[in-house]
Amino acid sequence: MTIVSQYNKYACFAACLESFLRDIGRDFDHDKFVKANLDLFCGGQDIEGCCNSVNFIEAADRVGIVLEFLQSPATFELFKYGILLHLHWNADSAQNHCVRLQTIENGELSIINPLKSDSLDKAPESWIRGAMKLSLK
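Residues numbered from 1 in each chain as written. Predicted model: local features only at pLDDT ≥ 70, side-chain atom pairs only at ≥ 80, totals over all residues. Heavy atoms only, no water.

Undergrad: How would you summarise the overall build of the protein chain if you had to cite specific residues and measurements?
TA: Along its length, the protein chain carries 3 helices and 6 strands. Against the 2.2 N^0.38 benchmark of 14 Å for 137 residues, the protein chain shows a C-alpha radius of gyration of 14 Å, consistent with a compact globule. Along the first, second and third principal axes, the C-alpha set of the protein chain runs to 40 × 30 × 25 Å. Looking at the protein chain as a whole, 43% of its 137 residues qualify as buried. By sequence separation, contacts in the protein chain at least 24 residues apart represent 53% of the contacts at least 6 residues apart. (Helix = DSSP H or I, 4+ residues; strand = E, 2+ residues; numbered from the N terminus. Rg over C-alpha atoms; globule rule 2.2 N^0.38 Å. Buried < 20%, exposed > 50% of the residue type's maximum accessible area, 1.4 Å probe, protein only. Contact = heavy atoms within 4.5 Å.)

As structure tokens, then:
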């Protein structure tokens, strides 16, 4: 899985899209994508780069990806699809964060965290707010 660091502290969803697209061989820059689609990424606000979950499907559609919300991320083959997780970071409902799922083992998530410079992290399943499957149209 390609590690992508988000360009600001709000662009986690766009960075996860870039990671998935690079893995399937597409050239993509999430910074440029956000700036070209500010209607979906809180343009003109102090949280520019943030994508509300209401806009996830439209943002994915604009880059040729189908995004589907899942009941459980464990029900899909992780390397056949890109699985994104919407987490309450540190179990704090005010801290929403999007990451790519690598594996789930014994209730612990191995994730690509675009907020950290090395982008590899662990998190408990209890932080999951939502799960999404990415696939090509």
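Now that the structure is up, let's keep going.
Undergrad: Let's hear about the packing of aromatic side chains: which residues, and what values?
TA: This structure, assessed with the given rule, holds 4 aromatic pairs. Plain terms: the ring middles of F33 and F41 are 5.6 Å apart, the flat faces sit at 75° to each other, and that makes the pair edge-to-face. Look at F33 and you get buried, because its relative accessible area is 8%. Ring centres of W89 and W127 lie 5.0 Å apart, and the angle between their planes is 65°; this geometry places the pair in the edge-to-face category. Here W127 lies in the loop between β5 (120-124) and β6 (128-136) and W89 lies in the loop between β2 (82-88) and β3 (96-105), a separation of 38 residues in the sequence. In this structure W89 comes out as buried when scored by relative accessible area, which is 16%. Among the aromatic residues, those joined into a ring-pair cluster are F28, F33 and F41. (Phe/Tyr/Trp six-rings, centres within 6.5 Å; stacked < 30°, edge-to-face > 60°.)

Undergrad: Just give me the short version of the side chain of N113, but keep the residues and values in it.
TA: Within the secondary structure, N113 is located in the loop between β4 (108-112) and β5. When its relative accessible area of 1% is taken as the criterion, N113 is described as buried. For N113, the side chain forms a polar contact with the side chain of H97, separated by 2.6 Å. (Polar contact = N/O pair within 3.5 Å; in protein donor to acceptor, adjacent residues only side chain to side chain.)

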